[in-house]
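Below, each chain spelled out in residue letters.
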Amino acid sequence: MKQLMVFIRKEFHHILRDPRSLLVLLGMPIVQLLIFGFAITNETRNTNIAVLDNAKDQSTQNIITRIESSRYFDIDRTLNTNGQIEHAFKTGKIKVAVIFQPDFQNELAHANKAQIQIITDATDPNQATTLANYISAIVMDYQSEQNQQNNLPYTINTEMRMLYNPELKGAYSSVPGVMGMILLLISAMMTSISIVKEKELGTMEILLVSPMKPALVIVSKVIPYFVVSLINVVTILLLSVFVLGMPIQGNIILLITVTILYIICALSLGLLISTITNSQQAAMLVSLLGLMLPVVMLSGYAFPIANMPIVLQVLSNIVPAKWYIIMVKSVMIKGLGFAGVWKEALIIIAMTVFFIFVSIKKFKIRLS
Amino acid sequence: MNKNEIVIKTDKLTKKFGDFVAANEITFEVYKGEIFGFLGANGAGKTTAMKMLIGISKPSFGKANIAGFDIYKETEKIKKSIGYMSQKFSLYEDLTIRENIQFFGGVYGLNDNEIVSAGNKLIDKLGLHDEADKLVGSLPLGWKQKLSFSIAILHNPKIVFLDEPTGGVDPITRRQFWDMIYEAADNGITVFVTTHYMDEAEYCHRVSIMVDGVIKALDSPEQLKKHYNAESMDEVFLMLARSAKRGE
Amino acid sequence: MKAVVLENIVKTYKTKKSTVTAVDDVSFSVEEGELFGLIGPDGAGKTSIFRILTTLLLADKGSAKVLGLDVVDDYKKIRDIVGYMPGKFSLYTDLTVEENLEFFATIFNTTIKENYDLVADIYKQLEPFKTRRAGKLSGGMKQKLALSCALIHKPKILFLDEPTTGVDPVSRKEFWEMLKRLKAQGISILVSTPYMDEAKLCDRIALIQNGKIMKIDTPQNIVNQFGKNLYAVHSEKMFNLLNDLRDYKKTESCYAFGENHHLSMKDEEYNLDEIKSYLEEKGHRRATIKKIDPGIEDCFMQLMKK
């Protein structure tokens, strides 16, 4: 036990005596969160759109008025033929075109369903998705109102993400994303670097030749970064509640628990990286390319998974951050309980077990 | 050695780091074609002094002239007229011998024809025909060091600085290396060398011994031994270095 | 019981293109309480031998025992009783002298206090700097601290891989004096070095080159087996002298050795006066030739050429 304590203290010395790295470790989440929360907001206001109303009846007029009255959209032009749509996009004035089918009201009344086509400028896929969602939300709103008034049992199948994000704040999607990325980077990259550093220094040889069990070496390497990660979790949550004004809907204990699961998963990933690399540079490169890139690209944090090619969608399943971000969203934003996240939690645990298993298999009690 | 031509001249050259005087008023001259041994214990200030002389560290004060150029204003010209080789960095291990020659020739401003002819001469001399297109990393250490020295003098510099060039090299290769140093000196290249092997100090025309940032002794090995009444340079060195005060 | 026994150890490394034999059928043993030196240049295979003995590396062939314990089967027991200082060992530069020592004491299940007498000699010199970070120590000081760290758990046997490489002659001398004192306390020591002049400070040495042991014996015996007359030659123009001596028809070898050249002759009749007059012809006016005893380095070079 004394060995462990002394070892952990030594690790803290390493961390605390390198103020520059420490600043990065603790400052990075704050900067990231603020940048993503404030500066790069996904909020869109007063977007110019075009409307092609092939029905021109009561219902379509109602919907158009609703769209227009929302603060997100300005109707830039009204189109008359399908041929004008492309031109409208090409001039770059509009981001969205809304097209109503002919006979809209009749269809709705008799067949219980009618179609609205929403075409978006997908040069910025994120924004496009958001805008399309906004419009369909407005349409849904109208529909459910109609349902209540007419007392007809319409079933609405449209996905309504914005339901959980009524104010459409950017922070709502960036907080879980930043948590998923920061925790992974700090835990995995820093652990792997600090283990590999011992190999470079030649001290690993001494540690291996000492009576100290390799497992204890690993545990003491991992604990300080676990602590640093927890500090970061607290900072991120405090910032998001008090600065970004984003409340935690669900149980905070549950949120912390799934976060700890994720940190452990990230630490075991760092361990795995340290067993396959021999220099700090290599460890850093593997961490950045092998972890950061997938997290940014494939976790659903920066780009919606639903918009990806099918291959990438499948691939995204092996990115732990994806599952963690889903859990954070469920607990923090939707306010779901354990029943809502147990599947994802199980996946994270399974991944952790796998990483630890492989690391143990690969960890050498000898050199080479 | 040509005592009429001075290629390194320093006057009270000093380097301070805060309160710490790493090199204190160093004054000496080195002649053309001389093999000059620059000795000192770890931390005596050798590396600091050498860094100033090769133009990568600015002195706190004092004057120095290297190969006819001022150490403050003409560092770029200095760099062109010197060669440098250290134990730590010698050559690119993942390039072949020929590629290393091409690279370093290019760095020192030789044109393509010069590089090819100088390179061929070098490969001839070291007898490396069969290895010329092999990666440097696959050569034994001794060969690497000999090759590295040859490349450091490829552009026929006025002075070549060698920082512990023979550390860990086997005894025969070590001597072959010194044969090459002698030959270079014979061709008029001044050799400025640091070493921890005291027998190598004997091969130098003159030797300076640094202690605590100052040059404590400077003379030919023969004169130094006479002066300190010692049998070998090893003894001279121990006598001087043991008086060192600072542990750093 | 012997401190170390190696029998027919072979270790090869595979690179992309070829297989390098780092240790080629090496056998030797170290007696208990002996100071045994592995002498050879970089790349001779010294580090691989150390790693095999400290259980960090598995040999391809052969067997090795440390204090009667097998390096493969009993590796855990060996790890408890050896002190090891790896070649590129550089301590934790961001920890202070004291913190480094304390750390290594603890992971070896002991305290500085418990074994202070063992390291006292060495550590006393470091004590004035004990709050200084290890990264700010000079080379010689670092080696002393590293030795203290390797010693702090009172090992029965010490493995020191090139402890004096890159260290100045003064610190090297002090380091060897420390090893002598440790030996006097009954600790067996296996040490490697590329400096041939350190060989004579060992009880017995193995001369190693290209993974092969060329000779094992006491330094004195090795020198005695040189089997040839060796001459120190000096003149005013040493570089010319070297070439002229090599050109001489009866010369077997001639190498620069400090202030003299060491000359050995072929196995035929020769005559010192004849050599002298040859040198005079070549323009060496005050050449001196005197017979000397060979050193380990002379022997090493002779063996290398065999």
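Treat the numbers as computed from the prediction; the structure is a model and nothing was measured.

Q: With reference to specific residues and values, describe the overall build of chain B.
A: Helices and strands together make up the secondary structure of chain B, namely nine helices and ten strands. Out of the 248 residues in chain B, the part that is buried amounts to 45%. Contacts in chain B between residues far apart in sequence, at least 24 positions, make up 69% of those at least 6 positions apart.

Q: Can you break down the overall build of chain C residue by residue, with the values?
A: When its secondary structure is counted, chain C shows ten helices and 14 strands. Referenced to the eigenvectors of the C-alpha coordinate spread, the extents of chain C come out at roughly 70 × 45 × 40 Å. Counting all 306 residues of chain C, 47% fall into the buried class. In chain C, of all internal contacts separated by at least 6 residues, the share reaching a separation of at least 24 is 70%.

Q: If you had to explain the domain arrangement of chain B to someone new, which residues and values would you point to?
A: Residue and element names in this part refer to chain B. What the domain assignment reports for chain B is domain 1 (1-81 + 158-166 + 181-248) and domain 2 (91-156). Each of domain 1 and domain 2 has a C-alpha centre, and these two points are 27 Å apart. Residue classes in the side of domain 1 that touches domain 2 are distributed as four nonpolar, one polar and one charged.

Q: How would you explain the interface of chain B and chain C if you had to name every residue and give the values?
A: With 29 residues of chain B at the interface, the matching set in chain C holds 30 residues. Listed by contribution, the elements that provide at least two residues to the side of chain B that touches chain C are helix H6 (171-186), helix H7 (198-201) and helix H9 (233-241) of chain B.

Q: Go over the interface of chain C and chain A with me, naming the residues and quoting the values.
A: Contact residues are listed per partner, giving 23 residues for chain C and 23 residues for chain A. For the side of chain C that touches chain A, the elements supplying multiple residues, two or more each, are helix H2 (75-81), strand E6 (82-85) and helix H3 (97-107) of chain C. Ranked by residue count, the leading element in the side of chain C that touches chain A is H3(C), at four residues.

Q: Any chance you could break down the sheet that holds strand E7 (residues 159-163) of chain B for me, citing the residues and the numbers?
A: Residues and elements named next belong to chain B. On the basis of which strands lie adjacent, the open sheet formed by six strands has the order E6-E7-E8-E3-E9-E10 and mixed pairing. Where the open sheet ends on each side, the last strands, each with one partner, are strand E6 (82-86) and strand E10 (214-219). Adjacent strand axes in the sheet meet at a mean angle of 15°, parallel and antiparallel pairs treated alike. Those strands touched by helix H5 (residues 141-152) are E6 and E7, and its axis lies near 160° from that of E6. In this fold H9 packs onto strand E3 (35-40), strand E9 (206-211) and E10, with an angle of close to 25° to the strand it touches most, E9.

Q: Explain the nonpolar core to me, and be specific about the residues and the numbers.
A: Judged by nonpolar contacts, the single largest core of 221 residues is most densely connected at B:Val160, B:Val191 and C:Ile189. At 15 residues, the largest contribution of residues to this core is made by helix H7 (residues 171-201) of chain A. What B:Val191 contacts, discounting residues up to four positions off in sequence, is B:Ile35, B:Phe36, B:Val160, B:Leu162, B:Ile181, B:Ala184 and B:Ala185. Of all hydrophobic cores here, the second largest spans 16 residues; its members include A:Ala50, A:Val51, A:Ile94 and A:Leu131.

Q: Would you mind going over the domain arrangement of chain C in detail, with residue names and values included?
A: Where interface size is given, it is often the accessible area lost as the parts come together that is meant. All names here are of chain C. For chain C, the domain assignment lists domain 1 (4-218) and domain 2 (230-304). Computed over C-alpha atoms only, the centres of domain 1 and domain 2 are separated by 38 Å. Counting residues at the interface gives eight residues for domain 1, matched by five residues for domain 2. Here the residues of the side of domain 1 that touches domain 2 sort into five nonpolar, one polar and two charged.

Q: Which residues make up the pairing of E6(C), and what are the values?
A: All names here are of chain C. Of the two faces of E6, the one lined by Val82 and Tyr84 and the one lined by Gly83 and Met85 are each fully buried. Where E6 and strand E7 (residues 157-160) come together, four bridges link them in parallel fashion. By the bridge assignment, glycine 83 is partnered in E7 with leucine 158.

Q: Let's hear about the arrangement of the chains: which residues, and what values?
A: The interface with the highest contact count, out of two pairs of chains in contact, is the one between chains B and C. If you take every C-alpha in chain A and every C-alpha in chain B, the smallest gap between them is 16 Å, and the two do not touch.

Q: For the confidence of the model for chain C, give the residues involved together with the corresponding values.
A: Residue and element names in this part refer to chain C. Of the residues in chain C, 99% reach a pLDDT of 70 or more, and the chain-wide mean stands at 90. When mean pLDDT is taken per element in chain C, strand E3 (residues 35-39) scores highest with 96 and helix H4 (residues 116-126) scores lowest with 85. For this predicted complex, the interface confidence comes out at an ipTM of 0.81, alongside a pTM of 0.78.

Q: I'd love a proper account of the packing of helix H1 (residues 2-16) of chain A against H3(C), names of residues and values included.
A: For the pair H1(A) and H3(C), the least separation of the axes is 9 Å and the interaxial angle reads 150°. By the angle between their directions, the pair H1(A) and H3(C) is classed as roughly antiparallel. Between H1(A) and H3(C) lies a crossing of left-handed hand. Two secondary-structure elements touch here, H1(A) through A:Lys2, A:Gln3, A:Val6, A:Phe7, A:Lys10 and A:His13 and H3(C) through C:Glu99, C:Phe103, C:Thr106 and C:Ile107. When its residues are assigned to classes, the contact of H1(A) with H3(C) shows four nonpolar, three polar and three charged.

Q: Could you give an account of the sheet that holds strand E3 (residues 96-100) of chain A, naming the residues involved and the relevant values?
A: Residues and elements named next belong to chain A. Read across the sheet, four strands follow the order E2-E1-E3-E4 without closing on themselves; strand pairing throughout is mixed. Here the strands that pair on one side only, and so sit at the sheet edges, are strand E2 (73-79) and strand E4 (116-120). Within this sheet the neighbouring strands show an average axis-to-axis angle of 25°, counted without direction. When strand E1 (residues 47-53) meets E2, the two strands line up parallel, connected through six bridges. Residue leucine 52 lies in a different strand from E2, and its bridge partner there is leucine 79. Helix H4 (residues 83-90) rests against E1, E2, E3 and E4 of the sheet, and its axis sits at about 135° to E2.

About the criteria used
Here the residue index of a chain counts from 1 through its sequence in written order. As a convention, the first chain written is A and the first ligand written is 1, with the rest following in written order. Where totals are concerned, whole chains, interfaces and linings use all residues; where local detail is concerned, this predicted model gives features only for residues with pLDDT of at least 70, and gives and counts side-chain atom pairs only at 80 or more. Helix and strand definitions here come from DSSP, where helices need a minimum of 4 consecutive H or I residues and strands a minimum of 2 consecutive E residues; each element is numbered from the N-terminal end. Every C-beta atom is placed from the backbone, and the number of other C-beta atoms within 10 Å of a residue's own sets its class: buried at 20 or more, exposed at 12 or fewer, partly exposed in between. Note that contacts rest on C-beta atoms placed from the backbone: two residues are in contact if these are within 7 Å. For every domain, the bounds stem from an assignment made automatically or drawn from a database. The classification used treats Ala, Val, Leu, Ile, Met, Phe, Trp, Tyr, Cys and Pro as nonpolar, Asp, Glu, Lys and Arg as charged, and all other residues, Gly among them, as polar. Should DSSP find at least two bridges between two strands, the strands are regarded as paired. An axis is simply a line fitted to the C-alpha atoms; with a helix, the fit covers only the stretch in contact. Between two such axes, the angle follows the N-to-C directions and lies from 0 to 180 degrees. A set of buried Ala, Val, Leu, Ile, Met, Phe, Trp, Tyr and Cys residues, joined through C-beta atoms within 7 Å, is what we mean by a nonpolar core. Note: pLDDT gives the predictor's confidence per residue, expressed from 0 to 100. Angular relationships are summarised with four words: roughly parallel below 35 degrees, roughly antiparallel beyond 145, roughly perpendicular across 65 to 115, and oblique for the angles in between. Each helix crossing is assigned a hand: it is left-handed if the near helix lies turned anticlockwise from the far helix by less than a right angle, otherwise right-handed if that turn is clockwise.

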